[in-house]
Structures are given as C-alpha cells and as structure tokens.
Amino acid sequence: MNARNHLRTEAAEDRGAAADASSRARRVLIVIESEGAVFDTLARQHETGYIPAFAGCFSWGISPAVCAELWRRLALSSRLRGQEPSLILLSALRLLNRSAPSIRRAAVIKVLESWLASPAKDPLALAKAPAGSPERLILDWMTMSASLLEEESYAPVFPSALAFLRGVKAAAPGSEILVHSTLSEATALNQWEVAGIGDCFLRIAGAERGDFAAYLRAALRNGYDRGPILVIGSTGASWQAAQSVGARFYAITPRDEDGSWDFLSEHFFPAFLRGETALAERDSTGFMRMMLEDIESAAVQA
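Residues numbered from 1 in each chain as written. Predicted model: local features only at pLDDT ≥ 70, side-chain atom pairs only at ≥ 80, totals over all residues. Heavy atoms only, no water.

**Student:** Which residues make up helix 8 (residues 159-171), and what values do they have?
**Tutor:** The terminal C-alpha atoms of helix 8, which comprises 13 residues, lie 18 Å apart, in line with the 18 Å expected from a rise of 1.5 Å per residue. Along its length, helix 8 reaches its greatest deviation from straightness, about 30°, at L165. Inspection of helix 8 places S160, A161, L162, F164, L165 and V168 among the buried residues, and these make up the whole buried set. Tucked inside the fold, the buried residues of helix 8 contact strand 1 (28-33), strand 2 (175-180), helix 9 (185-194), strand 4 (229-233) and helix 12 (257-274). (Helix = DSSP H or I, 4+ residues; strand = E, 2+ residues; numbered from the N terminus. Expected span 1.5 Å × (residues − 1). Bend = angle between axes of the 7 residues up to and from the residue. Buried < 20%, exposed > 50% of the residue type's maximum accessible area, 1.4 Å probe, protein only. Contact = heavy atoms within 4.5 Å.)

Rendered as structure tokens:
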C-alpha cells in the first residue's frame, strides 16, 4: 500500500470511529416492559396461580390438563399476553363453551361480561350473590388465584436481559432507560433492586401510573422526545404503545427471551444507535403471528 492510500485508509477509519463515537454518545430513550421481558413474571404468575385455579374451578367435564394448556396458550402465547387475568378468563370460558357447551358455563360468561363492562369492577359486588351462583364461582376463582400467588417470591430475571442492562451505559453513554411495570411501583422497584439492577434505569413506573401507552405518552410530554426512542417488550400492550407514538419496537419473543436479548445486544442495539436497524432486523414472524392470531376461532380438544 502506498503512502497516499495508507493516509486515505487512516482518514476513513478516523471518520468511522468518530461517527461511531457520535452515535454512541447521542441521547436515546429506551422504554422497557418489566414483566415478561426483563423478569419471567408472567409465566411464573400463570403457572403458579391462574392456571391451577382455572382448571380447578371451571373444567366441568373437560380434562384439567386441557384447561391448563388452553389458559397457557392464551395467557403466554397470544395477543392476550400481559392482559388482566379476568379478560383471559372470559376468552378461555368462551372457547371451552364452544367445544363443550354448558348452561352453567354460559351463565358465568354472561355475568363475567357484565362485570368487566362495569366501571368499578369491584370483586365485593360478586360476593353479594348466593353461594353457587355464577358471581360466586368467578369470585372463587379470583380467591383461589390470589391464595396460590400469595407466597410467591419475585420472578427470576432473564440472564441476557441482565447483561444488556448492565452494559447499556458503556455501549451508549447518552442512553436513558425508563421502565414500566404492572406491579405496584414499590414492589417493582424492590424487584429490580433485589435482582441487582436497581441502578440501571432513570425512572420506574408501577401500575398506579397507568398502562404502558399512558406512561409512554407522559414521558414524551415531559421532554423525552428529543432523540430516538426504542421500546422493548413482549406483549401486545408494549407493541401497540410503540405504534401509537411512532417509536421503534423490539420484541422479546416468548420462550426465546434470552436469545432475543442476545440479538438486541450484539446486533440490533448497535444498529439502532447508528440509525441502521433495517440492516439488523430479527425474524419477528412468531411475535406478529401471536399478535394477529384470531384466538376466538381456536379449537379446544376436549
């Protein structure tokens, strides 16, 4: 290589290094969904509480194993992932009743639809009904679920999520992380502290501050809209929130959480900082199928 070409190569390398340093230093906002993306909370809650309670309270002639698998699919691998359990209950009961019609189950569906449509959605209103009524059956399921979850400890953090969070400031010194949790704010903060990542975010919001979309809009109103925004989540709520404000969304795919975080760390996030995410797209077919699947037409093998 002659001297002129050598100098030209060095200059190109210098420009590339300067551009890379500039992309790393610019301000970026990362908004992360805590449950299901960082912590294995959703699987833990449903497997421990809601699945056995559903199979125990509403199987009625259908194999409890079939009921359990139906709930598992709806709660963890459909667009209902991350939704409140009573909505999952309604969908599960409707599907069961199509496969094995029951007057008793139909009565529960009717009461649950009415209760979900009420502004208050107060469980105490269900307690006023007589024993054995549809209202009390729904309340029994709520009570059993809560009892099973009462002694549950914090869910484990996904190891690759831990690695990303601990390394993000080194990769992007200008980044700021906001976290949204469906737990109470105090509980969510304690969970992150116990996991050793309490210093990895700027702010954390619990359920009392509204849903993911409301939190994201509030962040943008408060000055966090002056740079690129990346939303990281595993549910339809986080995906729709990102869509609503025009933010880039990265899916943490259920059952491949660590692989998703690894790809984010090694490929997608560096490309995001350079403004080149089109060159580092991960196959999101599974996640989009989960979001768009017509769950109401699914069959149940009784």
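Next comes the rest of the account.
**Student:** Pulling in residues and values, what's your account of the pairing of strand 4?
**Tutor:** In terms of burial, strand 4 is a largely internal element, five of the five residues being buried. Residues I229, V231 and G233 line one face of strand 4 and the alternating positions L230 and I232 line the opposite face, and both faces are buried. Pairing of strand 1 with strand 4, which is carried by four bridges, proceeds in the parallel orientation. Bridge pairing in strand 4 links I30 to L230. Across four bridges, the pairing between strand 4 and strand 5 (residues 248-251) is parallel. (Pairing = 2+ DSSP bridges.)

**Student:** Describe the packing of helix 4 (residues 85-99) against helix 5 (residues 103-117), listing the residues and the values that go with them.
**Tutor:** When two helices pack together, you describe them by how their axes are tilted relative to each other and by the distance separating the axes. Two elements in contact, helix 4 and helix 5, have axes whose closest approach is 10 Å; the angle formed by their N-to-C orientations is 150°. The angle between helix 4 and helix 5 falls in the class roughly antiparallel. Seen from above, helix 4 lies across helix 5 with left-handed handedness. Contact residues: helix 4 offers S86, L87, L89, L90, L93, R94, L96 and N97, while helix 5 offers R105, A106, V108, I109, L112, E113, W115 and L116. Considering only residue class, the contact of helix 4 with helix 5 consists of 11 nonpolar, two polar and three charged. (Axes fitted to C-alpha atoms, helices over the stretch in contact; angles between N-to-C directions. Parallel < 35°, antiparallel > 145°, perpendicular 65-115°, else oblique. Left-handed = near helix turned anticlockwise from the far one by under 90°. Nonpolar A, V, L, I, M, F, W, Y, C, P; charged D, E, K, R; others polar.)

**Student:** Before we move on, could you go through the layout of surface pockets and cite the residues and values that matter?
**Tutor:** A volume near 770 Å³ is recorded for the largest pocket. Of all the elements in the fold, those that place two or more residues in the lining of the largest pocket are helix 2 (41-58), helix 9, helix 10 (212-221) and helix 11 (236-245). Looking at which element gives the most residues to the lining of the largest pocket, the answer is helix 2, with six residues. Taken together, the residues that form the lining of the largest pocket break down as 12 nonpolar, 13 polar and six charged. Taken as a whole, the second largest pocket spans an internal volume of roughly 260 Å³. Lining the second largest pocket are 16 residues, and of these F249, Y250, A251, E281 and S284 lie nearest its centre. Mapped onto the lining of the second largest pocket, the elements with two or more residues apiece are helix 11, strand 5 and helix 13 (285-292). By residue number, the principal contributor to the lining of the second largest pocket is strand 5, which donates four residues. Its residues assigned to classes, the lining of the second largest pocket comprises nine nonpolar, three polar and four charged. (1 Å grid on protein atoms, 1.4 Å probe; cavity = no way out; pocket = protein on both sides within 12 Å on 5 of 7 lines; lining within 4 Å. Points joined across faces, edges and corners; volume = space filled by probe spheres on them.)

**Student:** Could you give an account of the side chain of S234, naming the residues involved and the relevant values?
**Tutor:** Mapped onto the fold, S234 is located in the loop between strand 4 and helix 11. Assessed through its relative accessible area of 0%, S234 is described here as buried. Beyond its immediate chain neighbours, meaning those up to four positions away, S234 contacts E33, E35, G36, A37, R81, I252, P254, F287 and M290.

**Student:** Can you break down the nonpolar core residue by residue, with the values?
**Tutor:** Grouped together as the largest cluster of nonpolar side chains are 38 residues, with contacts concentrated most on F54, F58, W71 and W141. Broken down by secondary-structure element, the contributors of at least two residues to this core are helix 2, helix 3 (64-76), helix 4, helix 5 and helix 7 (134-149). Sort the elements by how many residues they give to this core and helix 2 lands first, with eight residues. Core analysis: the second largest hydrophobic core is formed by 36 residues, V28, L183, I204 and F269 among them. (Core = buried A, V, L, I, M, F, W, Y, C linked by side-chain atoms within 4.5 Å.)

**Student:** Break down the sheet that holds strand 3 (residues 203-205) for me, citing the residues and quoting the values.
**Tutor:** Across the sheet, five strands lie side by side as 3-2-1-4-5; this open sheet has parallel pairing. This sheet does not close on itself; its edge strands, each paired only once, are strand 3 and strand 5. Strand-to-strand twist of the sheet, defined as the mean angle between neighbouring strand axes without regard to direction, takes the value 20°.

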